[in-house]
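Fold and contact review
Chain by chain, the residues:
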Amino acid sequence: MNLTPSQLDKFARGECNDAELAEIAAWLQDGEATAIPAAPGDGEAIWRKIEARRRPVRRIFLRRAITAAAAIVLGAAAFYGIQYLKTPKELTVRLAAGKTTRIVLPDSSVVFLQGPSVLRYPQRFGDGERTVYLTGTGAFEVNGDAHSPFTVVSGKVKTTALGTSFEVRAPEGSQDVKVWLRYGKVVVTRERDSMYLKPGDAVGYAGAARTVERAAPEAYRAGVLYFNRAGLEEVMTKLENYYNIHIVADSALYSRKWEVTGEFAREDPAFVIRNIAFIADVQYRMTGDSLWLLPPTAPGEP
């Protein structure tokens, strides 16, 4: 089903009856929103934006929708080449070649796994450490926690971060490992050799050799552009790296609290920017490879 902006406005004002609330819940569950500028995966962000202006009791509809969607995903896993193996303290995900999936870890960090891959992680992270084991390819979106570093172990290579976005490639049967940093800061360690990466850096290990290079924008586009309650700096950095554009934000935007959530897989930049502008309630101007982010009432380009 589709909703119109006028229906969402009515919902935001708290004027919907029970039947209309049921329609809103159904819309959030089926994920179709062609009548308004929303992308798949944006339901949570749109809900939070509306939630600030409505009666909080109605959030239960989204929670039920998410629970139902999770049950469907788990039930369909076998059809998409995914195996979940459970032990008393650890989960193992085996993903077949040519398949991709998203895994939410116990700390709400997210892994976009690309097959063939194997990911092992505990059912619950202990105090002061978050460690997972990867063979294959995974893009990690790590929730920040200054007291609990997040480490991905791939053979002899360890990639450690506090809260950041990076990708690890460690093919099965090979000692070669490559790490790309999208956002934030990580330290990559192999035995006694350690180094910090800056956004856009890639380090590769092949045998005894180590190489460091700047990752081309195309390397990022192979993965998913993902935001989870992201602030302005994270949004700007990821968009610049992903689409190789230059972004300038009006100074007034830095004092606002940004919470952008969305998931985009190889989407056109105009589509992504339009959706983010809607979620964050900002205006924008795009000229060539430059993007200006402006307050809602700004009259034009700076």
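Now for a look at the structure at hand. (Residues numbered from 1 in each chain as written. Predicted model: local features only at pLDDT ≥ 70, side-chain atom pairs only at ≥ 80, totals over all residues. Heavy atoms only, no water.)

Looking at the pattern of salt bridges
A complete count under the given rule lists eleven salt bridges for this structure. Measuring nitrogen to oxygen at the nearest pair gives 2.9 Å for the salt bridge that ties E167 to R169. When its relative accessible area of 5% is taken as the criterion, E167 is described as buried. D201 serves as the salt-bridge partner of R214, at 2.9 Å between the closest nitrogen and oxygen. Here R214 is found in strand β13 (residues 209-214), whereas its partner D201 is found in strand β12 (residues 201-206), with 13 residues between them in sequence. The structure contains a network of salt bridges with shared partners spanning E141, E234 and K238. (Salt bridge = Lys/Arg side-chain N within 4 Å of Asp/Glu carboxyl O. Buried < 20%, exposed > 50% of the residue type's maximum accessible area, 1.4 Å probe, protein only. Helix = DSSP H or I, 4+ residues; strand = E, 2+ residues; numbered from the N terminus.)

Here we look at unusual backbone geometry
For residues other than glycine, phi is negative in most cases, and the peptide bonds are mostly trans. The omega angle of the peptide bond from G115 to P116 is 0 degrees, so this bond is cis rather than trans. With respect to the element layout, P116 can be found in strand β4 (residues 110-122). A positive phi angle, near 55 degrees, is found at E191, a position not held by glycine. Checked against the element boundaries, E191 lands in the loop between β10 (186-190) and β11 (193-197). Backbone geometry places N244, a non-glycine residue, at a positive phi of 55 degrees. Within the fold, N244 resides in the loop between α6 (232-243) and β15 (246-249).

What about the nonpolar core?
If you look at the biggest cluster of nonpolar residues, it comprises 29 residues, and the most contacted ones within it are L105, L119, V132, F140 and F166. Counting residues per element, this core draws most heavily on β4, which supplies four residues. Aside from chain neighbours lying at most four places away, what touches V132 is L105, L119, R120, Y121, F125, F140, F150, T151, V152 and V153. Membership of the second largest hydrophobic core comes to 25 residues, among which are I273, I276, A280 and V282. (Core = buried A, V, L, I, M, F, W, Y, C linked by side-chain atoms within 4.5 Å. Contact = heavy atoms within 4.5 Å.)

Some points on the sheet that holds strand β17 (residues 283-287)
The strand order across the open sheet built from three strands is β15-β18-β17, with neighbouring strands paired in mixed fashion. At either margin of the open sheet sits one strand with a lone partner, and together these are β15 and β17. Averaged over all adjacent pairs, the angle separating strand axes in this sheet is 15 degrees, with direction ignored. Where β15 and strand β18 (residues 290-294) come together, four bridges link them in parallel fashion. Following the sheet pairing, A249 is matched in β18 by L293. Running at roughly 160 degrees to β15, α6 makes contact with β15 and β18 of the sheet. (Pairing = 2+ DSSP bridges. Axes fitted to C-alpha atoms, helices over the stretch in contact; angles between N-to-C directions.)

Describing the environment of K156
Counting through the fold element by element, K156 comes out in the loop between β6 (150-154) and β7 (157-161). K156 gets classed as exposed once you look at its relative accessible area, which sits at 53%. Taking the C-alpha atoms as reference points, K156 and R190, 34 residues apart in sequence, are found 5.6 Å from one another. What K156 contacts, discounting residues up to four positions off in sequence, is T189, R190 and E191.

Considering the pairing of strand β14 (residues 224-230)
Most of β14 is tucked away, with five of its seven residues classed as buried. Sheet topology places β14 next to strand β16 (residues 260-265); five bridges connect them, and they run antiparallel. Bridging from a neighbouring strand, F227 pairs with G262 of β16.

Functional significance is not addressed by these values, which are geometric in nature.
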